[in-house]
Amino acid sequence: MKLETVLLKEKLNRNDLTYLLNLEKEEELEKLFARAYEVKSEYIGKKVYYRGLIEFSNKCIKNCFYCGIRRDNGEVERFDMTEEQVIEQAKWAYENNYGSLALQSGERQDADYIQFVDNILEKVKELSGGKLGITLSLGEQSYETYKRWYDLGAHRYLLRIESSNKDIYSKLHPEDELHSFEKRVECLKMLKEIGYQVGTGVMIGLPGQTVEDLADDILFYEKMDIDMIGMGPYIPHDDTPMGRGIADSKEESDRKFKLGLKMIAVARIYLKDVNIAATTALQAINPLGREKGLKAGANILMPIITVDEHRAKYQLYNNKPCIDDNADKCKNCLAGRVTSVGDEIMYGEWGDSPHYYKKKG
Ligand code: 5AD
Ligand code: SF4
């Protein structure tokens, strides 16, 4: 009865986390996911919040070894959405009652780019009378830039740590100033200080990553007082140094998928009141990925609303789902998926992380 005892412990320790992440038997996994869903129901409700995801540019100054839109990948056709296109998509999200937007792009730090984001923030606030929530996922920036965007109305920021293990991090990135682990941690601290709800996350199933590393990732979320978590399986991309010539076998991708679900469940049980996304990467390796993510304790979905013509060019990994769909189709498809789980879509609400408000008192 060890499993039941651990699942009901007031506070899990590192050994408990690794024990849970190591579970393999079907009936044990069911108990784990059921407990995580119970914790989600208690702290969040059986609810799902949407962040309409606009990937507005795939240009990037960085060269992360795993990512399909890295700077040195000459195979990608680069694009920028125009301001009008972004605003049109934002309007669509607002009119379809999505509650919140997530703006994502490759990383850039130049003045034109910062100005572009400034303009979008102003216009989104204007078009929705301040009602559309805004999450940014625009990489590492200076304190001034983060602050500027916060003052313009962005209130959540996602910046993944990718792995909290420094050795693994250094194998994922070139060794230079632009890709420093310390800088990434510093950015997460700045975002907190400014007042953002801060999200981070890791890739799961990275080469050399152990279950202990993943337990440490969850402890890192706690230590950094993280409000939102977005994590998903690592999926090799052909045109990258890490993924070239590597396609996961069915067994390997099933293993990563299961590990991804376990990470969601264990993070939910341990951290309780944070927002956790069921990510598109989960669905990339299993058609029922997002539903299963919700059943394992996730409460956030990020439907892609990037304009149709650019979707296929924002391929961070192979097999990205929904690149042939359009926003309307995605809306219906997702609504069906959420209802099938027994959750309710909270249309028109921001769905802030309860963790953030608990701290603020
Ligand atoms: N597999 C899985 N996730 C990836 N990302 C980038 N490349 C991959 C990949 N090959 C994730 C990273 C990044 C986010 C935007 O996409 O975690 O932070
Ligand atoms: Fe650029 Fe982000 Fe991809 Fe790294 S993970 S190459 S920063 S888009």
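Reading the values: rules and limits
- Residues numbered from 1 in each chain as written.
- Chains lettered and ligands numbered in written order.
- Predicted model: local features only at pLDDT ≥ 70, side-chain atom pairs only at ≥ 80, totals over all residues.
- Heavy atoms only, no water.
- Buried < 20%, exposed > 50% of the residue type's maximum accessible area, 1.4 Å probe, protein only.
- Helix = DSSP H or I, 4+ residues; strand = E, 2+ residues; numbered from the N terminus.
- Pairing = 2+ DSSP bridges.
- Right-handed = clockwise from strand over helix to strand, strands pointing away.
- Contact = heavy atoms within 4.5 Å.
- Axes fitted to C-alpha atoms, helices over the stretch in contact; angles between N-to-C directions.
- Parallel < 35°, antiparallel > 145°, perpendicular 65-115°, else oblique.
- Left-handed = near helix turned anticlockwise from the far one by under 90°.
- Nonpolar A, V, L, I, M, F, W, Y, C, P; charged D, E, K, R; others polar.

Peer 1: What is the right way to look at the pairing of strand β8 (residues 228–233) in this model?
Peer 2: Side chains on a regular strand alternate between the two faces of the sheet. By the criterion of burial, β8 is predominantly enclosed, with six of the six residues buried. Bridge count between strand β7 (residues 203–204) and β8: two bridges; the pairing is parallel. Paired with Met203 across the strands is Gly232, a residue of β8. In this region the chain leaves β7, passes through helix α9 (residues 211–223) and returns to the parallel neighbour β8; the handedness of that crossover is right-handed. By the bridge criterion, four bridges tie β8 to strand β9 (residues 275–278) in an arrangement that is parallel. Counterpart to Met231 in the pairing with β9 is Ala278.

Peer 1: I keep staring at the side chain of Asn63 and nothing clicks. Help me out?
Peer 2: Positionally, Asn63 belongs in the loop between β2 (52–57) and α4 (83–95). When sequence neighbours within four positions are dropped, the list of residues in contact with Asn63 reads Arg70, Arg71, Asp72, Pro174 and His179.

Peer 1: Looking at this structure, I do not really get the packing of helix α2 (residues 14–21) against α9. What am I missing?
Peer 2: For any two helices packed against each other, one specifies the inter-axial angle together with the distance between the axes. Running from N to C, α2 and α9 cross one another at 125°; their axes reach a closest spacing of 9 Å. Between α2 and α9, the crossing angle belongs to the class labelled oblique. As for the relative orientation of α2 and α9, their crossing is right-handed in sense. Here α2 contributes Arg14, Leu17, Thr18 and Leu21 to the contact with α9, which in turn contributes Val211, Glu212, Leu214, Ala215, Asp216, Ile218 and Leu219. Along the lines of polarity and charge, the residues of the contact of α2 with α9 split into seven nonpolar, one polar and three charged.

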